[in-house]
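Residue strings, one per chain:
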Amino acid sequence: MAAPSPSPHKPRRKAKKLGIGPDTHVRPRSEIFVRAPSFPLAAFLWPARTASSQWQVLPLILMVAGLFRWAAGLWGYSGFNRPPLFGDYEAQRHWMEITTHLPISQWYFHDLEWWGLDYPPLTAYHSWALGKIGALINPEWFALFTSRGSDDPTLKIFMRATVIVSEYLTYIPAAVVFVRRYSRLSGVSSWTASLALVAILMQPSTILIDHVHFQYNTVMLGLVLATMASFLAERYKWSAVFFVGALMFKQMALYYAFTVFAYLLGRCFFPHIKLTRLFGIALVTLATYAVIVLPLVIGTLYDSYRGVTSRPDLDGPPAPLPIFPWVTKFIDTNAFYYPVVEVLVQVLHRVFPFSRGLFEDKVANFWCALNVVLKIRNYPAVLLQKAALGATLLSILPPNIIIFLRPRKTTMPLAFAATAWGFFLFSWQVHEKSVLLPLMPMTLLLAGKHGMNREIRAWVGFANILGAWTMFPLLHRVDLRIPYAVLTLLWAYLLGLPPASWSVYFDERGTTWSQLATAVLHTGFYLLMGVWHVLEAFVLPPAGKPDLWVVANVGVGVAGFGICYLWCLWRLTLDSDILPARGKPKKKTQ
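These numbers were taken from a predicted model, which means no experiment stands behind them.

Colleague: Break down the environment of I298 for me, with residues and values.
Modeller: Along the polypeptide, I298 turns up in helix α13 (residues 275-305). You can call I298 partly exposed: its relative accessible area is 48%. Along the backbone, I298 and S105 are 193 residues apart, and their C-alpha atoms lie at a distance of 9.6 Å.

Colleague: Which residues make up the pattern of salt bridges, and what values do they have?
Modeller: Applying the stated criterion across every chain yields a total of 14 salt bridges. Notably, a salt bridge pairs R306 with D303, separated by 2.7 Å at the nearest N-O pair. A relative accessible area of 45% places R306 in the partly exposed class.

Colleague: Give a detailed account of the packing of aromatic side chains, specifying residues and quantitative values.
Modeller: Centre-to-centre distance and the angle between the planes together describe a pair of aromatic rings. Per the stated rule, a full pass over the model turns up 33 aromatic pairs. For the pair W95 and Y119, a centre-to-centre distance of 5.4 Å together with 85° between the ring planes defines the contact as edge-to-face. Here W95 is found in helix α4 (residues 88-101), whereas its partner Y119 is found in the loop between α4 and α5 (121-137), with 24 residues between them in sequence. The same class applies to W95 as to Y119, namely buried. Aromatic side chains F258 and F423 sit 6.1 Å apart centroid to centroid with 50° between the ring planes, which places their arrangement in the tilted category. Here the residue F258 occupies a position in helix α12 (residues 257-269), and F423 occupies one in helix α17 (residues 412-426), the gap between them amounting to 165 residues. Taking the relative accessible area as the measure of exposure, F258 reaches 37% and is therefore partly exposed.

Colleague: How would you sum up the environment of T50? Please name residues and give values.
Modeller: You can see T50 is positioned in the loop between α2 (40-44) and α3 (58-72). A residue is classified by how much of its surface remains accessible, and T50, at 68% relative accessible area, is exposed. Placed 252 residues apart in sequence, T50 and Y302 show a C-alpha to C-alpha distance of 60 Å. Of the polar contacts made by the side chain of T50, one reaches the backbone oxygen of P47; its length is 3.2 Å.

Colleague: An account of the side chain of K250 is needed here, citing residue identities and associated values.
Modeller: Along the chain, K250 turns up in the loop between α11 (236-249) and α12. The charged side chain of K250 is buried without a salt bridge, its nearest counter-charge being D210 at 6.0 Å.

Colleague: I'd like to hear about the nonpolar core, residue by residue, with values.
Modeller: Among the nonpolar cores identified, the biggest contains 153 residues, and F178, Y216, M220, V224, Y256, W421 and M442 are the most heavily contacted of them. With 12 residues, the top contributor of residues to this core is α17. Aside from chain neighbours lying at most four places away, what touches M220 is A246, F249, K250, M252, A253 and L437.

Rules and cut-offs
- Sequence positions are assigned chain by chain, starting from 1 and proceeding in written order.
- Restriction of local features to residues with pLDDT of at least 70 applies here, the model being predicted, together with a cutoff of 80 or more for giving and counting side-chain atom pairs; totals for whole chains, interfaces and linings are based on all residues.
- The basis for every side-chain value is the complete set of heavy atoms in the structure, and neither hydrogens nor water enter the calculation.
- Helix and strand assignments follow DSSP, with helices taken as H or I runs no shorter than four residues and strands as E runs no shorter than two, numbered in order from the N terminus.
- We call a residue buried when its accessible area falls under 20% of the maximum for its residue type, exposed when it is over 50%, and partly exposed in between, using a 1.4 Å probe and counting protein chains only.
- By convention in these notes, a salt bridge is any Lys or Arg side-chain nitrogen within 4 Å of a carboxyl oxygen on Asp or Glu.
- The aromatic pairing rule takes the rings of Phe, Tyr and Trp, using the six-membered ring of Trp, and pairs them if the centres are within 6.5 Å, calling planes under 30 degrees apart stacked, those over 60 edge-to-face and the rest tilted.
- Distance and chemistry together define a polar contact, namely a pair of N or O atoms within 3.5 Å, with one atom able to donate a hydrogen and the other to accept it when in protein, and with adjacent residues in sequence counting only for side-chain atoms on both sides.
- Positive charges are assigned to Lys and Arg, negative charges to Asp and Glu, while His and the chain termini are left out of the count.
- Nonpolar core, defined: a set of buried Ala, Val, Leu, Ile, Met, Phe, Trp, Tyr and Cys residues in which side-chain atoms within 4.5 Å join the residues together.
- When checking whether two residues touch, look at their non-hydrogen atoms; a contact exists if any pair is within 4.5 Å.

Structure (structure tokens):
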């Protein structure tokens with residue numbers, strides 16, 4: 001007997017239920033129904049909407065980012081033909097010189113008046129590796145003493161290449177991974193995520209400082225980005241490894257330290273206490289510090305065994321420690337381990353320069369602006385240190401309390417940005433280039449929910465244009481006005497931002513009072529920046545006030561950065577749902 005024929009009716013599959021939690025977002029309608037490009041960058045990548053894989057677009061983005069970096073590097077650099085000390089370019093080259101020629105115990109003591117090494121050990125190891133590679137090409141580039149101030153054009157090519165290679169090994173892969181994870185978490189389409197990645201990699205201030213002025217900030221920023229990407233993947237031990245690496249490359253990563261600590265602590269206590277996770281993170285953190293410091297310790301012990309001292313210019317007993325002199329009351333200066341103590345104390349002394357003063361040069365932070373009125377630099381250093389510490393803590397506590405109580409992946413960049421703005425505005429010894437630290441996490445908002453929509457794009461654009469503008473005096477001093485103008489205006493044009501376009505403030509469906517207020521506020525700052533450029537270019541300051549235009553730059557910049565801090569803090573407060581809702585039912589959370 002034949003078997004009965006199967007029924008043509010197939011049961012309907014049940015739709016998968018979406019978990020609705022604090023870190024889960026359904027793709028917004030604006031991400032689905034995009035009918036026409038609303039700014040030039042979207043128009044350029046419009047055909048990529050139908051790409052079947054992100055790998056069709058990613059190679060293009062990476063090539064374009066590399067092209068602009070290399071082209072920007074064709075310009076001069078900090079200190080070019082400017083004796084006697086030249087500039088940051090010479091500092092980086094000099095560190096390659098001393099790390100490849102001197103015993104490791106002398107790295108942080110050698111000729112401190114000529115760009116003495118003042119970054120943590122990972123920077124020293126990085127300089128050593130690059131110096132060894134460069135010496136294989138041309139040993140004269142890093143010859144001890146005789147190579148100082150070298151302007152060899154082939155050396156410039158090598159140095160520019162080291163920045164790009166270092167960035168493509170750290171910052172760029174970390175940015176790609178972060179954008180991919182953050183956009184997926186926020187329900188953002190891959191095409192929109194590609195737009196955000198281009199905007200992040202083409203950020204003008206980063207290119208101007210690292211690839212034109214010359215530094216290696218993106219290595220540290222890349223390690224911080226890897227930390228944030230590990231947060232998104234809930235790989236907390238790896239996040240500890242990456243962040244310790246960032247701190248041990250550049251001490252400026254301390255701008256993010258409170259937020260990293262608060263977020264990890266929040267993830268260990270909410271919604272349930274996980275002590276094993278907390279202890280695991282602590283052990284990995286300590287182990288990473290130990291591994292990074294170990295070469296310095298072993299090298300110093302080996303130098304001591306060979307009879308090599310850290311200060312060969314001194315005879316007799318060891319010199320007093322520059323900080324913590326009381327330590328010698330409890331340890332024997334003739335002990336075998338004392339050279340290690342001496343080197344580690346010297347590293348701390350060089351890395352944290354409390355003796356340099358409250359701020360360096362004219363920088364757009366609170367203390368420099370206040371000094372115009374009160375001349376606070378004449379106050380006792382101890383009083384200024386306490387004031388800076390108190391103001392910094394007051395500014396960074398609110399965002400870190402919020403991210404501790406609501407450790408959400410989606411609000412993490414806002415907490416990083418608000419904390420970094422607080423440090424930049426109020427902390428001790430701030431440099432103009434330090435503005436890169438709050439700008440990086442704030443720019444990452446472009447990859448999140450509604451990131452490429454008008455409101456967030458307007459605020460992120462405002463912060464970046466203002467940040468580049470406040471660095472103009474620094475760039476102007478080394479004749480880098482043209483790359484500043486080209487890169488800043490190009491970025492503004494691509495994202496449809498002022499001064500190229502004001503369309504970011506007006507919606508075809510109608511402009512709200514909030515949008516109008518934002519437009520008026522930002523337009524006022526853009527007009528001030530434009531007028532300032534005209535005055536700086538064509539009007540000489542009064543004879544008695546030669547720094548008038550620079551001081552005006554500081555005043556406008558600190559006001560704008562303060563507003564950016566408040567905006568980040570306000571958005572963090574709203575998006576964290578930490579305020580009691582009025583007349584709204586509570587959302588279910590997992």
